[in-house]
Amino acid sequence: MMADPTHSKPEPGAKPEPGAATTGPLFARVALIGLGLIGSSLGRVMKRESLAGVIAGTARTEATRQKALELGAIDHAFDDAPGCVADADLVVICAPLGAYADIATAMAPGLKPGAIVTDVGSVKQMVIRDLAPALPDGVHLVPAHPVAGTEHSGPEAGFAELFEGRWCILTPPPGTDARAVEKVAQLWRGAGSLVDIMEAGHHDKVMAITSHLPHLIAYTIVGTATDLERQLQAEVIKFAAGGFRDFTRIAASDPVMWRDIFLNNREAVLEMVGRLTEDLAVLQRAIRWGEGEKLEEIFTRTREIRRSIIDAGQA
Ligand code: NAP
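Model, not experiment: these values are computed from the prediction.

Trainee: Break down the sheet that holds strand β9 (residues 194–197) for me, citing the residues and quoting the values.
Mentor: Taken in spatial order, the 3 strands line up as β7-β8-β9 in an open sheet, and their pairing is mixed. Of all the strands in the sheet, just β7 (144–146) and β9 have a single pairing partner and so form its edges. Strand-to-strand, the axes of this sheet are offset by a mean angle of 20°, without reference to chain direction. As paired strands, strand β8 (residues 167–170) and β9 are joined by 4 bridges and run parallel to one another. If you follow Cys 168 over to β9, its bridge partner there is Val 195.

Trainee: Go over the side chain of Asn 265 with me, naming the residues and quoting the values.
Mentor: With respect to the helices and strands, Asn 265 occurs in the loop between α10 (255–264) and α11 (266–288). According to the relative accessible area criterion, Asn 265 is buried, its value standing at 4%. A polar side-chain atom of Asn 265 sits 3.0 Å from the main-chain carbonyl oxygen of Asp 204.

Trainee: Give a detailed account of the site of the ligand, specifying residues and quantitative values.
Mentor: With respect to spatial proximity, 27 residues lie near the ligand, and among them Arg 60, Thr 61, Thr 64, Ala 95 and Ser 122 are the closest. Leu 35 is positioned such that a nitrogen or oxygen atom in its backbone is 2.9 Å from an oxygen atom of the ligand. Between an oxygen atom of the ligand and a side-chain N or O atom of Thr 61, the distance comes to 2.6 Å. When the ligand sits alone it has 900 Å² of accessible area, and the protein chains cover 86% of it. Looking at the shell around the ligand, the elements that each hand over two or more residues are α1 (37–48) and β7.

Trainee: Describe the packing of helix α7 (residues 200–226) against α10, listing the residues and the values that go with them.
Mentor: It is at 11 Å that the axes of α7 and α10 come closest, and there the two elements cross at 120°. Judged by the inter-axis angle, α7 sits oblique to α10. In terms of crossing hand, the pair formed by α7 and α10 is left-handed. Residue-level inspection shows Ser 211, His 212, His 215, Leu 216 and Tyr 219 of α7 in contact with α10, the latter providing Trp 258, Ile 261 and Phe 262. Of the residues that constitute the contact of α7 with α10, the class distribution is 5 nonpolar, 3 polar and no charged.

Trainee: Go over the pattern of salt bridges with me, naming the residues and quoting the values.
Mentor: Scanning all chains against the criterion turns up 15 salt bridges. Residue Arg 48 pairs with Glu 164 through a salt bridge whose shortest N-O separation is 3.3 Å. Of this pair, Arg 48 sits in helix α1 while Glu 164 sits in the loop between β7 and β8, placing them 116 residues apart in sequence. Given the relative accessible area of 32%, Arg 48 is considered partly exposed. In this structure, Asp 177 and Arg 179 form a salt bridge, with 2.8 Å as the shortest nitrogen-oxygen distance. Salt bridges linked by common partners bring Arg 48, Glu 49, Glu 161 and Glu 164 together as one network.

Trainee: Pulling in residues and values, what's your account of the sheet that holds strand β2 (residues 52–58)?
Mentor: One key point about sheets: their strands pair by backbone hydrogen bonds, in either a parallel or an antiparallel sense. Pairing in this open sheet of 6 strands is parallel, and the strands run β3-β2-β1-β4-β5-β6 from one edge to the other. Either end of the sheet is taken by a strand with one partner, and the two such strands are β3 (76–77) and β6 (140–142). Where β2 meets β3, 2 bridges bridge the pair, whose relative direction is parallel. Bridge pairing links Gly 57 to Ala 77 in β3. Taken strand by strand, α1 contacts β1 (27–33), β2 and β4 (90–93), and its axis lies near 165° from that of β1. Against the sheet, helix α4 (residues 100–107) engages β1, β4 and β5 (116–119), with an angle of about 155° to β4.

Trainee: Hey, could you go over unusual backbone geometry for me, with residue numbers and the actual values?
Mentor: Unlike most non-glycine residues, Ser 50 shows phi in positive territory, near 50°. Examined against the element boundaries, Ser 50 turns out to sit in the loop between α1 and β2. One non-glycine residue, Asp 87, adopts positive backbone phi at about 70°. By the secondary structure assignment, Asp 87 is in the loop between α3 (81–85) and β4.

Trainee: Can you explain the environment of Pro 155? Please cite residues and give values.
Mentor: Inspection of the secondary structure puts Pro 155 in the loop between β7 and β8. Overall, Pro 155 belongs to the buried group, its relative accessible area being 6%. Residues Pro 155 and Glu 70, 85 residues apart in the sequence, show an inter-C-alpha distance of 10.0 Å. If we skip the residues at most four places from it in the chain, Pro 155 touches Leu 35, Gly 36, Ser 40, Arg 44, Thr 64, Lys 67, Ala 68 and Leu 71.

Definitions and limits used
- Residues numbered from 1 in each chain as written.
- Predicted model: local features only at pLDDT ≥ 70, side-chain atom pairs only at ≥ 80, totals over all residues.
- Heavy atoms only, no water.
- Pairing = 2+ DSSP bridges.
- Helix = DSSP H or I, 4+ residues; strand = E, 2+ residues; numbered from the N terminus.
- Axes fitted to C-alpha atoms, helices over the stretch in contact; angles between N-to-C directions.
- Buried < 20%, exposed > 50% of the residue type's maximum accessible area, 1.4 Å probe, protein only.
- Polar contact = N/O pair within 3.5 Å; in protein donor to acceptor, adjacent residues only side chain to side chain.
- Near = heavy atom within 4 Å.
- Areas by Shrake-Rupley, 256 points an atom, 1.4 Å probe, with all protein chains shown as cover.
- Parallel < 35°, antiparallel > 145°, perpendicular 65-115°, else oblique.
- Left-handed = near helix turned anticlockwise from the far one by under 90°.
- Contact = heavy atoms within 4.5 Å.
- Nonpolar A, V, L, I, M, F, W, Y, C, P; charged D, E, K, R; others polar.
- Salt bridge = Lys/Arg side-chain N within 4 Å of Asp/Glu carboxyl O.

Structural data, given as structure tokens:
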């Protein structure tokens, strides 16, 4: 595994983290449903770290399945979900959230007793809502969210180092078998991630402010620029380095994925939009009335947040 410069190395002689060094594969057979940025990255790191004996994969289109095979992210491609999950010890859903309910219904008859079903979706309460009812008894559901990604999509966009030094949040429903949770945690530790466990609703609130709201703001700003009259628009592009450029990167994120995130984390996002609107009004008022001290105080506080993110190795 590549060294992560943001985290200190273990002391010499210290016990290795579970999953980081296994004698045999952690899972004999893994099925990946969805082979885009996240699915193909997971396939590659599982291969590199010998976390899976055999990796089966499926995606909506033949082109994606073939590409994932060519890239070595999977060993076998299937054009149907039940075929892909047959005999799998671990199933990882790496598809857009809007496809989950149909995937669950389609794959359920193929799942073997004792299998673990997990996912990588960016919203977690809806995962339990859409997956749990379709799963047969004796199959363990351990939802997960790797807080790692880029604005690119598709199997070619994936890379084995994507999850290194990043958090992966597990949101097992109450009563989930602790051994199943630990095996999924080992998978992500093996992929180089730091693992945290959280209640699904809490996860969705945290993500609403740290990820979903920033994307909504980026989509809004870039949308506003798109609506400007032509001459002003040309200058926005020319002088983009003034801050706008960073928003355009976020606003280039996959439209289907983000549509599904907002539709499936509606309440938490609307709550954060409400708070933002109030805070924006405070700034608006301070600018209008020339309250320099107030502006400086707010901007000083926000600068400290940036420092703590750098200190936490998440910059
Ligand atoms: P992506 O690159 O667009 O890949 C999505 C994959 O899902 C594609 O292989 C697609 O197949 C497949 N798919 C779509 N509908 C399907 C269906 N009904 N059955 C089987 N496969 C289907 O997306 P991604 O970025 O990897 O995101 C996947 C998941 O990861 C999402 O739930 C997202 O919330 C989560 N996530 C994303 C990020 C990020 O930054 N991108 C970060 C953390 C978590 P085709 O290519 O054939 O259409």
